[in-house]
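Close look at the chain arrangement
The chain contents come next:
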Amino acid sequence: MLRSACHLTVLALFSLVTLTGDRLATGWRGIRVTSVSDEATSKRLARGKRLYLGAGACVACHGTDGRPTVPDAPDFTDTAWQRKHTDADIAQAIANGKGTMPAFKGSAADVEALTAYVRSFAK
Ligand code: HEC
């Protein structure tokens, strides 16, 4: 009996922390818990964009807005195309090349950043 009362107390405390946690986190000078991952996401996108327009030269064939400038290249703004392709498909095409598209020689983090950037065209 004492044991289960103890469990209940722990459960109640846990719920309290879970329920108020969000509010405390957002209330504290307006800084949200999610801001850490938001920042990581925007940094990754910024890196992807830099590579897309720069070292990767993706822009030459895929356009500044993700619409193709060469035949055969997919339209990244097409949500149906985005749905049909996994992140792994996209990363693999970037790293290994596909058809007339050259392989991109960069780090895994570069490929990941480019993948995130390709995704961002359809959002
Ligand atoms: C010389 C032109 C060219 C360049 C440069 C190029 N691509 Fe492509 N890309 C293509 C073509 C053409 C296809 C279609 C290939 C196919 O399906 O045979 C393609 C396909 C893709 C796909 C779809 C892959 C799939 O699974 O269907 C992605 C994603 C992609 N490119 C991203 C990039 C990124 C990111 C870069 C820069 C690192 C880049 N491309 C550079 C021409 C290019």
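Residues numbered from 1 in each chain as written. Predicted model: local features only at pLDDT ≥ 70, side-chain atom pairs only at ≥ 80, totals over all residues.

Per an unreviewed UniProt entry, the chain goes by the name C-type cytochrome and belongs to Chloracidobacterium validum.

Each helix and strand in the chain was counted, giving 6 helices and 0 strands. Helices and strands in the chain line up, N terminus first, as α-α-α-α-α-α. Expressed as a percentage of the 123 residues in the chain, the buried residues total 15%. Of the contacts made within the chain by residues no fewer than 6 positions apart, 51% connect residues no fewer than 24 positions apart. (Helix = DSSP H or I, 4+ residues; strand = E, 2+ residues; numbered from the N terminus. Buried ≥ 20, exposed ≤ 12 C-beta atoms within 10 Å, placed from the backbone. Contact = placed C-beta atoms within 7 Å.)

This part takes up the site of the ligand. Contacts to the ligand come from 24 residues, most closely from Gly 56, Cys 58, Cys 61, Ala 93 and Gly 99. Broken down by element, the shell around the ligand gets its largest block of residues, 4 residues, from helix 5 (residues 87-96). (Near = placed C-beta within 6 Å.)

On average, the chain scores 83 in pLDDT, and the residues at 70 or more come to 72%. Scored below 50 in pLDDT, residues 8-26 shows 3 contacts in the model against residues more than four places distant or in partner chains. (pLDDT = per-residue confidence, 0-100.)

This part takes up the environment of Ala 108. Looking at where Ala 108 falls in the secondary structure, it is placed in helix 6 (residues 108-120). The exposed category is assigned to Ala 108, around which 9 C-beta atoms lie within 10 Å. Sequence separation between Ala 108 and Ala 91 is 17 residues; the distance between their C-alpha atoms is 9.0 Å.

Tyr 52, Ile 94, Ala 113, Leu 114, Tyr 117 and Val 118 are the most contacted members of the largest nonpolar core, which has 14 residues in total. Elements represented by at least two residues in this core include exactly helix 2 (35-53), helix 5 and helix 6. When residues in this core are grouped by element, the largest group, 6 residues, is from helix 6. Val 118 has contacts with Phe 76 and Ile 90, leaving out every residue within four places of it along the chain. (Core = buried A, V, L, I, M, F, W, Y, C linked by C-beta atoms within 7 Å.)

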